[in-house]
Amino acid sequence: GEDVEQSLFLSVREGDSSVINCTYTDSSSTYLYWYKQEPGAGLQLLTYIFSNMDMKQDQRLTVLLNKKDKHLSLRIADTQTGDSAIYFCAELTGRRALTFGSGTRLQVQP
Amino acid sequence: NAGVTQTPKFRVLKTGQSMTLLCAQDMNHEYMYWYRQDPGMGLRLIHYSVGEGTTAKGEVPDGYNVSRLKKQNFLLGLESAAPSQTSVYFCASSWEYTEAFFGQGTRLTVV
């Protein structure tokens, strides 16, 4: 079956690094994504990684994929107050539909 | 270039009423999706479509119907609304394997 799990809440201080974790179960997933949702808004794609990659870096964002353990993480370097939002991981399953985790609320304290 | 547009943005329904939510995209995407978002549960897929004239069930399809008569539009219908369908509904569209673009959401309350 398809199930994507995330911790619900993370609090960090401004300037620190944030690490948001995600586990998924569908071994046929081809792409894995991180989306950001700000209050009252839809979701915006932050970054994605193809399943044959281990790591992807995009400016302050680093995505790590451990395919053996089906574990995905998003690291945000030098976290800013503007990074406060809900972060969703998602997998593109074999049936071509995006399945989302429950979201991690990131709170950045000044 | 509007992207993905959902109408209406807010709606209050009485139990048993019906309504249709409209999603329109102007990016010529093949794939379109309807999700509902409830607190602590992330986004759950209701129905999706991989092309004009096609639809498929997602995780939580019961109580909803969809149609994709035109490539740019994906309609979500509630035939007989129930309080359990109170939620925020998001539409999204994409090409296969690429970024999904989301609408701003429709906040539906069923009383």
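Residues numbered from 1 in each chain as written. Chains lettered and ligands numbered in written order. Predicted model: local features only at pLDDT ≥ 70, side-chain atom pairs only at ≥ 80, totals over all residues. Heavy atoms only, no water.

The next thing to look at is the state of the cysteines. All names here are of chain B. Evaluated as defined, the whole model comprises two disulfides over all chains. The disulfide partner of C23 is C91, and the S-S distance across this bridge is 1.8 Å. Between C23 and C91, the disulfide has an S-S torsion of -75° and is therefore left-handed. Highlighted residues: C23 in strand 3 (residues 19-25) and C91 in strand 9 (residues 87-94), separated in sequence by 68 residues. The class of C23 is buried, set by a relative accessible area of 0%. Given the relative accessible area of 0%, C91 is considered buried. (Disulfide = S-S within 2.5 Å. Helix = DSSP H or I, 4+ residues; strand = E, 2+ residues; numbered from the N terminus. Buried < 20%, exposed > 50% of the residue type's maximum accessible area, 1.4 Å probe, protein only.)

In this section: the pairing of strand 7 (residues 61-66) of chain A. All names here are of chain A. Inspection of the sheet shows strand 6 (residues 55-58) paired to strand 7 by four bridges, in the antiparallel sense. Each residue of the ladder has a partner; that of K56, found in strand 7, is V63. Linking strand 6 back to strand 7 in an antiparallel pair, the connection comprises two residues, with Q59 at a positive phi of about 55°. Pairing between strand 7 and strand 8 (residues 71-76): six bridges, direction antiparallel. For L61, the partnering residue across the bridge sits in strand 8 and is I76. Adjacent in sequence and paired antiparallel, strand 7 and strand 8 are bridged by four residues, among which K70 carries a positive phi angle near 55°. (Pairing = 2+ DSSP bridges.)

Further remarks concern the interface of chain A and chain B. Counting residues at the interface gives 20 residues for chain A and 22 residues for chain B. Roughly 1,700 Å² of surface becomes buried between chain A and chain B when both sides are summed, with 56% attributable to carbon and sulfur atoms. Here chain A and chain B share zero salt bridges between them. In this assembly, chain A and chain B are joined by three residue pairs in polar contact (both at pLDDT 80 or more). Those elements that place two or more of their residues in the side of chain A that touches chain B are strand 4 (31-37), strand 5 (43-50), strand 9 (85-92) and strand 10 (98-100) of chain A. By residue number, the principal contributor to the side of chain A that touches chain B is strand 4 of chain A, which donates four residues. (Contact = heavy atoms within 4.5 Å. Buried area = accessible area lost by both parts, 1.4 Å probe. Salt bridge = Lys/Arg side-chain N within 4 Å of Asp/Glu carboxyl O. Polar contact = N/O pair within 3.5 Å; in protein donor to acceptor, adjacent residues only side chain to side chain.)

On to the nonpolar core. Counting 23 residues, the largest nonpolar core has Y35, L98 and F100 of chain A together with F102 of chain B as the members making the most contacts within it. Secondary-structure elements contributing two or more residues to this core are strand 4, strand 5, strand 9 and strand 10 of chain A together with strand 4 (31-37), strand 5 (43-49) and strand 9 of chain B. Not counting the four nearest positions on each side in its chain, Y35 of chain A is found in contact with L43, Q44, L45, L46, I86, Y87, F88, L98 and F100 of chain A together with E99, A100 and F102 of chain B. (Core = buried A, V, L, I, M, F, W, Y, C linked by side-chain atoms within 4.5 Å.)

Take the pattern of salt bridges next. Within this structure, the stated rule accounts for six salt bridges over all chains. The closest approach of N and O atoms between D69 of chain A and K68 of chain A, which form a salt bridge, is 3.6 Å. Accessibility expressed as a relative area gives 47% for D69 of chain A, which makes it partly exposed. In this structure, the salt-bridge partner of K71 of chain B is E30 of chain B, at a minimum N-O distance of 2.9 Å. Highlighted residues: K71 of chain B in the loop between strand 7 (64-67) and strand 8 (73-78) and E30 of chain B in the loop between strand 3 and strand 4, separated in sequence by 41 residues. A relative accessible area of 18% means that K71 of chain B is categorised as buried. Via salt bridges that share partners, R36, D38 and R44 of chain B belong to a single interconnected network.

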